[in-house]
Amino acid sequence: MKKLKMIIYVIFSLPKTIVFNLMALPIKQSLKLPFFIGYNVKIENIHKGIVRLPNKISMFMIRFGAGGSKGLSKERQSKIMLSRGSVTFEGKARFAEGNILTVSGDLIFGEGFSSNKNCFISCQNKMTIGKNVLLGWNVNIIDNNGGNHTVLVDNMKKSSFGSVFIGDHVWLCSYSSVMKNTQISNDSILAWGSILTKKISDSNCLLAGSPAEIKQKDIEWQI
């Protein structure tokens, strides 16, 4: 029964999958269908020339809008909005149900990216996500203040935009958030419900709290 449901889901998703690949990619790449887009994913403002793929691509190497932890409900409609800038995929990537990806800056996904349900990624300036990065459910990664504006801090203007750098083999646990002008380095974990608000260059660290601080060093993790 599970296999039959998956076959039906793929069949219903093929029209949107084909349309997205044709909209986002050069014709030679689009015919290989590197993107799989679930039929219930909302597509907005997709422009050619924004998506960049590695030289070697395969069918459905990047999947959006399907899967995630069993028993965990989808809280919103999945959505992709690529209005300008660039989004580079260096290899396979998986975005579960309820994910929202909005790009108007320069965003890089390393090989082996995987997000659980209801994650939100907003890149309006510059964001780099390394290899084998894992997101729990309801994770936010944001390099901006939610709009094209400046804010006043101590009577000084501060830009709404910043940057985010996430190293290789990083685990962002459920309900955590990574804000603008931040860094989390290789082999580290951002704990459940934590908010990262600054750059932390130390690797192999457990970060926790709001704002997140180093709680433990020299950690190792695997799933």
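Below or above, wherever it landed, is the structure these notes cover.

Basis of the calculations
The residue count restarts for each chain, going from 1 along the sequence in the order it is written. Given that the model is predicted, a residue must reach a pLDDT of at least 70 before its local features are reported, and side-chain atom pairs must reach 80 or more before they are shown or counted; all residues, however, enter totals for whole chains, interfaces and linings. Processing note: side-chain calculations cover all non-hydrogen atoms of the structure and skip hydrogens and water entirely. For two strands to pair, DSSP has to find at least two bridges joining them. Counting from the N terminus, the helices are the DSSP runs of H or I reaching at least four residues and the strands are the DSSP runs of E reaching at least two. Each residue gets one of three labels from its accessible area relative to the maximum for its type: buried under 20%, exposed over 50%, partly exposed in between, using a 1.4 Å probe on protein chains only. Buried Ala, Val, Leu, Ile, Met, Phe, Trp, Tyr and Cys residues that are joined via side-chain atoms within 4.5 Å together make up what is termed a nonpolar core. Whether two residues are in contact is decided by their heavy atoms, any of which lying within 4.5 Å being enough. Only Phe, Tyr and Trp rings are paired, with Trp represented by its six-membered ring, and only when their centres lie within 6.5 Å; those with planes under 30 degrees apart are stacked, over 60 edge-to-face, the remainder tilted. What a helix is expected to span follows from its residue count: subtract one and scale by 1.5 Å. Take the seven residues that end at a residue and the seven that start at it, fit an axis to each, and the angle between those axes is the bend at that residue.

## Details of the sheet that holds strand β1 (residues 35-37)
Link 1 in the chain: The strand order across the open sheet built from 9 strands is β1-β4-β7-β10-β13-β18-β21-β24-β25, with neighbouring strands paired in mixed fashion. Of all strands in the sheet, those with a lone pairing partner are β1 and β25 (212-216), marking the two edges.
Link 2 in the chain: Relative to strand β7 (residues 93-95), strand β4 (residues 62-64) is paired through 3 bridges, and the arrangement is parallel. What sits directly across from R63, in β7, is R94.

## Observations regarding unusual backbone geometry
Link 1 in the chain: S210 connects to P211 through a cis peptide bond whose omega is 5 degrees.
Link 2 in the chain: Its location among the elements puts P211 in the loop between β24 (206-209) and β25.
Link 3 in the chain: Non-glycine residue N138 carries a positive phi angle of around 55 degrees.
Link 4 in the chain: Following the sequence through the fold, N138 ends up in the loop between β13 (134-135) and β14 (140-142).
Link 5 in the chain: In the Ramachandran plot, H169 falls in the positive-phi region, its phi being about 55 degrees despite a non-glycine side chain.
Link 6 in the chain: In this fold, H169 is placed in the loop between β17 (163-166) and β18 (171-172).
Link 7 in the chain: Accessibility expressed as a relative area gives 23% for H169, which makes it partly exposed.

## Brief notes about the pairing of strand β9 (residues 106-109)
Link 1 in the chain: Residues L107 and F109 of β9 are buried on one face, while the alternating residues D106 and I108, pointing to the opposite face, are not.
Link 2 in the chain: Alignment of strand β6 (residues 86-89) against β9, held across 4 bridges, turns out to be parallel. Paired with S86 across the bridge in β9 is D106.
Link 3 in the chain: Taken together, the 4 bridges between β9 and strand β12 (residues 126-129) define a ladder with parallel strand orientation. Across the sheet, F109 pairs through a bridge with I129, a residue of β12.

## As for the nonpolar core
Link 1 in the chain: L82, F89, L107, F109, I121, I141 and L172 are the most contacted members of the largest nonpolar core, which has 46 residues in total.
Link 2 in the chain: If near-sequence neighbours (up to four positions away) are discounted, I141 is found in contact with F120, I121, S122, M127, I129, L135, V164, I166, L172 and V178.

## Focus on the packing of aromatic side chains
Link 1 in the chain: Throughout the structure, instances matching the rule amount to 15 aromatic pairs.
Link 2 in the chain: Where F89 meets F95, the ring centres are 6.4 Å apart and the plane angle is 85 degrees; that geometry is what we call edge-to-face. The same class applies to F89 and to F95, which are both buried.
Link 3 in the chain: Among the aromatic residues, ring-to-ring pairing joins F20, F35, F64, F89, F95, F109 and F113 into one connected group.

## A word on helix α1 (residues 2-24)
Link 1 in the chain: Between its first and last C-alpha, α1 extends 31 Å over 23 residues, near the 33 Å set by a 1.5 Å rise per residue.
Link 2 in the chain: At L14, α1 is bent by approximately 45 degrees, the largest bend along its length, and proline P15 sits one to four residues beyond.
Link 3 in the chain: When α1 is considered as a whole, its buried residues turn out to be Y9, S13, T17, F20, N21 and A24.
Link 4 in the chain: Packing partners of the buried residues in α1 comprise α2 (27-30), β1, β2 (42-44), β3 (51-52) and β5 (79-82).

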